[in-house]
Amino acid sequence: MYTQGLDQKGQSDKRDGLESAADRKAFQKRVDAEEKIEAKDWMPEAYRRTLIRQISQHAHSEIIGMQPEGNWLTRAPSLKRKAILLAKIQDEAGHGLYLYSAAETLGVSRDQMVGDLLSGKAKYSSIFNYPTLTWADIGAIGWLVDGAAIMNQIPLCRCSYGPYARAMVRICKEESFHQRQGFDILVELCKGTPEQKAMAQDALNRWWWPSLMMFGPSDAESKHSAQSMAWKIKRFSNDELRQKFIDVTVPQAEFLGLKVPDDECILDKQTGHYRHGEIDWQEFIEVLKGNGPCNKQRMEKRRNAHEDGRWVREAARAYAEKRAAKAA
Amino acid sequence: MTDKEWPLYEVFIRSKSGLSHRHAGSIHAADDQMALDAARDTYTRRSEGVSIWVVRSSQIVASDPADTAAFFEPAEDKIYRHPTFYEVPDGVENL
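Keep in mind that what you see is a predicted model, and the values were worked out from it rather than measured. (Residues numbered from 1 in each chain as written. Chains lettered and ligands numbered in written order. Predicted model: local features only at pLDDT ≥ 70, side-chain atom pairs only at ≥ 80, totals over all residues. Heavy atoms only, no water.)

Side note on the overall build of chain A
Okay, so step 1: Scanning chain A from terminus to terminus reveals 13 helices and 2 strands.
Okay, so step 2: The C-alpha atoms of chain A give 21 Å as radius of gyration, which agrees with the globular expectation for 328 residues (20 Å, within 12%).
Okay, so step 3: Once the C-alpha set of chain A is aligned to its principal axes, its extents read approximately 65 × 60 × 35 Å.
Okay, so step 4: Classification of the 328 residues of chain A by burial places 53% in the buried group.
Okay, so step 5: Only carbon and sulfur atoms are counted for the fraction: they give 56% of the accessible area of chain A, which is about 15,500 Å². (Helix = DSSP H or I, 4+ residues; strand = E, 2+ residues; numbered from the N terminus. Rg over C-alpha atoms; globule rule 2.2 N^0.38 Å. Buried < 20%, exposed > 50% of the residue type's maximum accessible area, 1.4 Å probe, protein only. Areas by Shrake-Rupley, 256 points an atom, 1.4 Å probe, with all protein chains shown as cover.)

Observations concerning the environment of A:Gly257
Okay, so step 1: Looking at the element boundaries, A:Gly257 is found in the loop between helix H10 (238-256) and strand S1 (267-268).
Okay, so step 2: In this structure A:Gly257 comes out as partly exposed when scored by relative accessible area, which is 44%.

Here's the deal with the sheet that holds strand S2 (residues 22-28) of chain B
Residue and element names in this part refer to chain B.
Okay, so step 1: Ordered by their spatial adjacency, 3 strands build an open sheet running S2-S1-S3, and the pairing between neighbours is antiparallel. Either end of the sheet is taken by a strand with one partner, and the two such strands are S2 and strand S3 (51-56). The mean angle between the axes of side-by-side strands here comes to 30°, regardless of whether they run parallel or antiparallel.
Okay, so step 2: Taken strand by strand, helix H1 (residues 32-43) contacts strand S1 (8-14), S2 and S3, and its axis lies near 115° from that of S2. (Pairing = 2+ DSSP bridges. Axes fitted to C-alpha atoms, helices over the stretch in contact; angles between N-to-C directions. Contact = heavy atoms within 4.5 Å.)

Some remarks on a nonpolar patch on the surface
Okay, so step 1: A surface patch of nonpolar side chains, amounting to about 440 Å² of accessible area, comprises B:Ile79, B:Tyr80, B:Phe85 and B:Tyr86.
Okay, so step 2: Within the fold, B:Ile79 resides in the segment after helix H2 (68-76). (Patch = residues over 30% accessible without salt bridge, like charges linked within 9 Å, V, L, I, M, F, W, Y side chains within 5 Å. Salt bridge = Lys/Arg side-chain N within 4 Å of Asp/Glu carboxyl O.)

Re the layout of surface pockets
Okay, so step 1: What the largest pocket holds in volume is close to 1,400 Å³.
Okay, so step 2: Lining the largest pocket are 36 residues; nearest its centre among them are A:Arg166, B:Glu10, B:His23, B:Ala24 and B:Gly25.
Okay, so step 3: Looking at the lining of the largest pocket, the elements that each hand over two or more residues are helix H4 (79-104) and helix H7 (162-190) of chain A together with S1 and S2 of chain B.
Okay, so step 4: At 7 residues, H7(A) tops the list of elements feeding residues into the lining of the largest pocket. (1 Å grid on protein atoms, 1.4 Å probe; cavity = no way out; pocket = protein on both sides within 12 Å on 5 of 7 lines; lining within 4 Å. Points joined across faces, edges and corners; volume = space filled by probe spheres on them.)

Let's talk about the pattern of salt bridges
All names here are of chain A.
Okay, so step 1: Within the structure shown, the criterion is met by 27 salt bridges over all chains.
Okay, so step 2: Between Glu307 and Arg310 there is a salt bridge, with its nearest N and O atoms 2.6 Å apart.
Okay, so step 3: Assessed through its relative accessible area of 43%, Glu307 is described here as partly exposed.
Okay, so step 4: Between Arg317 and Glu321 there is a salt bridge; the shortest N-O distance is 2.9 Å.

Things to note about the interface of chain A and chain B
Okay, so step 1: The interface is formed by 28 residues belonging to chain A together with 21 residues belonging to chain B.
Okay, so step 2: Surface buried jointly by chain A and chain B totals about 2,100 Å² across both partners, of which 46% is contributed by carbon and sulfur atoms.
Okay, so step 3: Area buried by chain A at its contact with chain B is led by A:Asp111, A:Arg170 and A:Arg317, which between them contribute 28% of it.
Okay, so step 4: Linking chain A to chain B there are 4 salt bridges.
Okay, so step 5: Among the ionic pairs, A:Asp91 bridges to B:Arg46, the shortest N-O distance being 2.4 Å.
Okay, so step 6: At the boundary of chain A and chain B, one finds 13 residue pairs in polar contact (both at pLDDT 80 or more). (Buried area = accessible area lost by both parts, 1.4 Å probe. Polar contact = N/O pair within 3.5 Å; in protein donor to acceptor, adjacent residues only side chain to side chain.)

Considerations on the nonpolar core
Okay, so step 1: Core analysis: the largest hydrophobic core is formed by 87 residues, its most contacted members being A:Tyr47, A:Ile55, A:Tyr161, A:Tyr164, A:Trp207 and A:Trp208.
Okay, so step 2: Among all residues touching A:Tyr47, those that are not within four sequence positions of it are A:Phe27, A:Ile37, A:Ser160, A:Tyr161, A:Trp231 and A:Ile233. (Core = buried A, V, L, I, M, F, W, Y, C linked by side-chain atoms within 4.5 Å.)

Structural notes on the confidence of the model for chain B
Residues and elements named next belong to chain B.
Okay, so step 1: Counting all residues, the mean pLDDT for chain B is 93, and 97% of those residues have values of 70 or more.
Okay, so step 2: Here H2 stands out as the element of chain B with the lowest mean pLDDT, 89, in contrast to S3, whose mean of 98 is the highest.
Okay, so step 3: We note a pTM of 0.91 for the whole complex and an ipTM of 0.87 for its interfaces. (pLDDT = per-residue confidence, 0-100.)

Below, the structure is given as structure tokens:
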């Protein structure tokens, strides 16, 4: 899930100047013809860099995204819910791995990407810096966060870069389970006691706006969208996808008997779309800068997990080397 | 990052008997057995396979996309290899 097109500095590179206009033109022609670009094909360096950044951010988001949900694993309300949540979190790890492997085909190493995440150089989706305070938050994440992710990801299945597109096909198939299990949690809570329903409403109140921010800055602010569109990495603009998400999600909230926390959210009969109030982009910028409610906690946990696993990685390697030496 | 990276393996999965193995993606693993286990956990969580091959990525020999045109050129001008090259006379059936 979760590509916001963050961290877009350093767009140009010395190597860009060495590319011939003819090569770039031939490349664009292939893209325009909807041909897929494969790992070893010639591609502009800027295309390669854009993809490495986008795919690795996407992978990091999957990996960090396990934390907010992991928070409720030991406190899931039933064995069934616990087993489901465990399977979902395992999927997130799997998605991270598919994506890292897709990014590696572009010539970046796994170690480099993991190093960039741990050092704070690489970004991950802003959404995972919000806390999961109640069990209803697990429902809201599945319904809203994974719902927003699906909106974003379905067009990525047709992305011009083959390995990324193929990873996304696999991910989208699994993401649908994530969204439904989240909605199912909320259906149950909304059928429950007034306290349970209030808990669901509170989760919606807190997750609604951050979910809308997942689509990234508005089109007017999104500087690199045009190039990504021309390269067919991106198929729809941030605002288009956000609108689509709102249009499908508001009726679902109504089904639950919940209200999205936006007084301006009413159906515009002329356009057939729901309107929405102003998004607090300052909050978005702050969260990206590292000042969200949980940024520090998430990074610390990830770094500790990496350090705690070091002896396992070393032991497995030593064992493999010893066995290889014996066999030789 | 002081760890030395585990080797990369390419993963191929047969989704059911009767079909050939198909490339699914790649994983890192310290050795062959770990590669198989990790490939199973990563790529077949929903019974997507009945058989897995893993092979060290460094062991794969691949054609160079830059040479695609020249490399596959010998097949280009042999249209007589396709049945549609031949005109079937009117009235002839089952050919």
